[in-house]
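# Fold and geometry: a report
The primary structure of each chain is shown beneath.
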Amino acid sequence: MSLKFPFTSLIESLPSTVPFVGPELQERIIGAPYRARIGANENVFGSSPKAREAMRRELDHCWKYTDPEFLNLKQAIAEHHNIPQENIVIGEGIDGLLGVASRLFIEPGIPVATSKGAYPTFNYQISGLGGNLVTTPFVNDHECPDALLKLAREENARVVYLANPDNPMGTWWSGRELDVMIAALPEHSVLFLDEAYVEFAPEGTSPPIDLENPQVLRFRTFSKAYGLAGTRIGYVIGHRELIKAFDKIRNHFGLNSFAIAGANAALRDQDWLVRVKNDVALAIRRIKDIAIENGLKPIPTATNFIALDCGRDGGFARAVLAELGKRAVFVRMPWVAPQDRCIRVSAGKKDDLDLFEKALPLALSRAEN
Ligand SMILES: Cc1ncc(COP(=O)(O)O)c(C=O)c1O
């Protein structure tokens, strides 16, 4: 007997999709754990010891609901950026915040502009609201501000998404270049500027924060440089009226107290961040060296991961990925052509990269056959 459920027509129309298959599921399929987890752009160097201690201390208080204003953390973020608290909303990582922010603007049929092959969780959130995603290709492995602007104008897009630096290619624009884009946004568009990796990027990658501009929302996370991906916490900065609107629909008690305590302590320990950035830079340099040694071309990156051009098509890169997986090395790859000629490797510790160094030549030669 086929079951019938009273789903909305939107839900009925959506494919069963998961933006990312987790490495845990892949491990269950393979039947063995990965030995190098360098595929999800996590920070293997971990969070500040002060953040971990703060989360441990929070254990005794976890019977309480959190303060739904997250005042202490909001104060810390406000001080960090030197902005008022009213311009900040905190939520369940950028992924969760992209969902809430999208609900502010998107209903079925509303056009939304992004790059073909850009961060897929954004697309997932938009599709879940019935938004009409329109895309423009990457240009020279970069998301292209000019092409996005043109698309936004032509398609009347209400939201434009850009990650700077970008995932999956790791490429970036300077803050000055983005300021030019922001000034040219059509009146009807709001830019979702995803800055998940910006702490790793060169000085000047982030445009100055302009709290008077009602057309930009900036998404930040504690998942990457701060090493708190598992706690699920991030924030958005924007015009106070835009930020106030989040209160209408956000999940006020949706953050866990460990995340809040950890993020607060992590933000205050900028020395740890300097150390992490140094470790990441060294790891990226080593991955580059390994790649070049094996005839692959590293794409310049401003993140904690690097795309390596395997010089052939997506089928070949997928075969390399599968062969690395068989050797217990978890990496990922871009999802559309022509970027899918690359594999994408996250910064790892010495042991991770030793294993990658050993596995890569074997994976490449197996993929040839
Ligand atoms: C561009 C981009 N945005 C957002 C995220 C997710 O951030 P969060 O963990 O805060 O949800 C990622 C994670 O890979 C990312 O690559």
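All of these numbers come straight from a predicted model, not from anything done at the bench.

This paragraph deals with the domain arrangement of the protein. Under the domain assignment used here, the protein contains domain 1 (19-45 + 271-364) and domain 2 (49-268). Using only C-alpha atoms to locate each centre, domain 1 and domain 2 end up separated by 25 Å. Counting from both sides, the interface comprises 25 residues of domain 1 and, opposite them, 28 residues of domain 2. Summing both sides of the interface, domain 1 and domain 2 together bury roughly 2300 Å²; the carbon and sulfur share of this comes to 67%. On inspection of domain 1 and its partner domain 2, the count reaches one salt bridge.

Here we come to the sheet that holds strand S12 (residues 342-346). Pairing within the open sheet is antiparallel, and its three strands lie in the order S9-S10-S12. Edge positions in the sheet fall to strand S9 (297-298) and S12, since each has one partner strand and no second. Bridge analysis of strand S10 (residues 305-309) against S12 gives five bridges, and the strand direction is antiparallel. In the sheet register, Phe305 faces S12, and the bridge partner there is Ser346. The strands that helix H11 (residues 270-293) touches are S9, S10 and S12; relative to S10, the one it contacts most, it runs at about 10°.

Next up on the list: the side chain of Thr301. Inspection of the secondary structure puts Thr301 in the loop between S9 and S10. Owing to a relative accessible area of 19%, Thr301 belongs among the buried residues under this scheme. One polar contact links the side chain of Thr301 to the main-chain carbonyl oxygen of Phe305, over a distance of 2.7 Å. Thr301 has contacts with Gly170, Trp172, Ile284 and Ile306, leaving out every residue within four places of it along the chain.

Here we have seven strands laid out as an open sheet, ordered S2-S8-S7-S6-S5-S3-S4, and mixed in their pairing. Across the chains shown, the open sheet's two edge strands, defined by having one partner strand only, are strand S2 (88-91) and strand S4 (132-136). Here the average twist between neighbouring strands, direction ignored, is 20°. Here five bridges tie strand S3 (residues 111-115) to S4, and the two strands are oriented parallel to one another. Residue pairing for S4: Pro111 is matched across the bridge by Asn132. Of the strands in this sheet, S3, S4 and strand S5 (159-163) are in contact with helix H7 (residues 145-155), which crosses S3 at around 165°.

Let us now look at the nonpolar core. Counting residues in hydrophobic clusters, the biggest one holds 95 residues, and the most contacted among them are Phe192, Leu217, Phe222, Leu324 and Phe356. For this core, the element with the highest residue contribution is H11, accounting for nine residues. Among residues more than four places away in sequence, those in contact with Phe192 are Leu98, Ala101, Ser102, Phe105, Phe122, Val159, Val160, Tyr161, Leu162, Leu217 and Phe219. With 16 residues, the next largest nonpolar core counts Leu149, Leu151, Ala152 and Leu185 among its residues.

Moving on: the site of the ligand. Lining the immediate environment of the ligand, one finds 13 residues, of which Ile94, Asp194, Tyr197, Thr221 and Ser223 sit closest. Contact between the ligand and Arg232: an oxygen atom at 2.7 Å from a side-chain N or O atom of the residue. Compared with its free state, where it exposes 400 Å², the ligand has 94% of that area covered by protein. No other element matches the three residues that helix H5 (residues 93-105) contributes to the shell around the ligand. Taken together, the residues of the shell around the ligand break down into five nonpolar, four polar and four charged.

It is worth spelling out a nonpolar patch on the surface at this point. On the surface, Leu3, Phe5, Phe7 and Ile11 cluster together into a nonpolar patch covering about 440 Å² of accessible area. One can find Phe7 in the segment before helix H1 (9-13).

Each aromatic ring pair is described using two quantities: the centre-to-centre distance and the angle formed by the ring planes. Counted according to the given criterion, the structure contains 10 aromatic pairs. An aromatic cluster is present here, built from Phe105, Phe122, Tyr161, Phe192 and Phe219 joined pairwise through their rings.

Across the five residues that make up S12, a large majority, five, are buried. Both faces of S12 are covered, namely the face carrying Cys342, Arg344 and Ser346 and the face carrying Ile343 and Val345.

Linking two cysteines covalently via their sulfur atoms produces the bond known as a disulfide. Counting across every chain of the model gives zero disulfides. For the unlinked cysteine Cys144, the closest cysteine sulfur is that of Cys342, found at 18 Å. The exposure class of Cys342 is buried, given its relative accessible area of 0%.

What follows concerns the environment of Ile292. Position of Ile292 relative to the elements: it lies in helix H11. Residue class for Ile292 comes out exposed when judged on its relative accessible area of 54%. Placed 85 residues apart in sequence, Ile292 and Pro207 show a C-alpha to C-alpha distance of 33 Å.

Topologically, Gln215 is positioned in the loop between strand S6 (190-194) and strand S7 (216-221). Contact partners of Gln215, with chain neighbours within four places excluded, come to Leu185, Pro186, Glu187, Ser189, Val190 and Leu191.

Definitions and limits used
Residues numbered from 1 in each chain as written. Predicted model: local features only at pLDDT ≥ 70, side-chain atom pairs only at ≥ 80, totals over all residues. Heavy atoms only, no water. Domains from an automatic or database assignment. Contact = heavy atoms within 4.5 Å. Buried area = accessible area lost by both parts, 1.4 Å probe. Salt bridge = Lys/Arg side-chain N within 4 Å of Asp/Glu carboxyl O. Pairing = 2+ DSSP bridges. Helix = DSSP H or I, 4+ residues; strand = E, 2+ residues; numbered from the N terminus. Axes fitted to C-alpha atoms, helices over the stretch in contact; angles between N-to-C directions. Buried < 20%, exposed > 50% of the residue type's maximum accessible area, 1.4 Å probe, protein only. Polar contact = N/O pair within 3.5 Å; in protein donor to acceptor, adjacent residues only side chain to side chain. Core = buried A, V, L, I, M, F, W, Y, C linked by side-chain atoms within 4.5 Å. Near = heavy atom within 4 Å. Areas by Shrake-Rupley, 256 points an atom, 1.4 Å probe, with all protein chains shown as cover. Nonpolar A, V, L, I, M, F, W, Y, C, P; charged D, E, K, R; others polar. Patch = residues over 30% accessible without salt bridge, like charges linked within 9 Å, V, L, I, M, F, W, Y side chains within 5 Å. Phe/Tyr/Trp six-rings, centres within 6.5 Å; stacked < 30°, edge-to-face > 60°. Disulfide = S-S within 2.5 Å.

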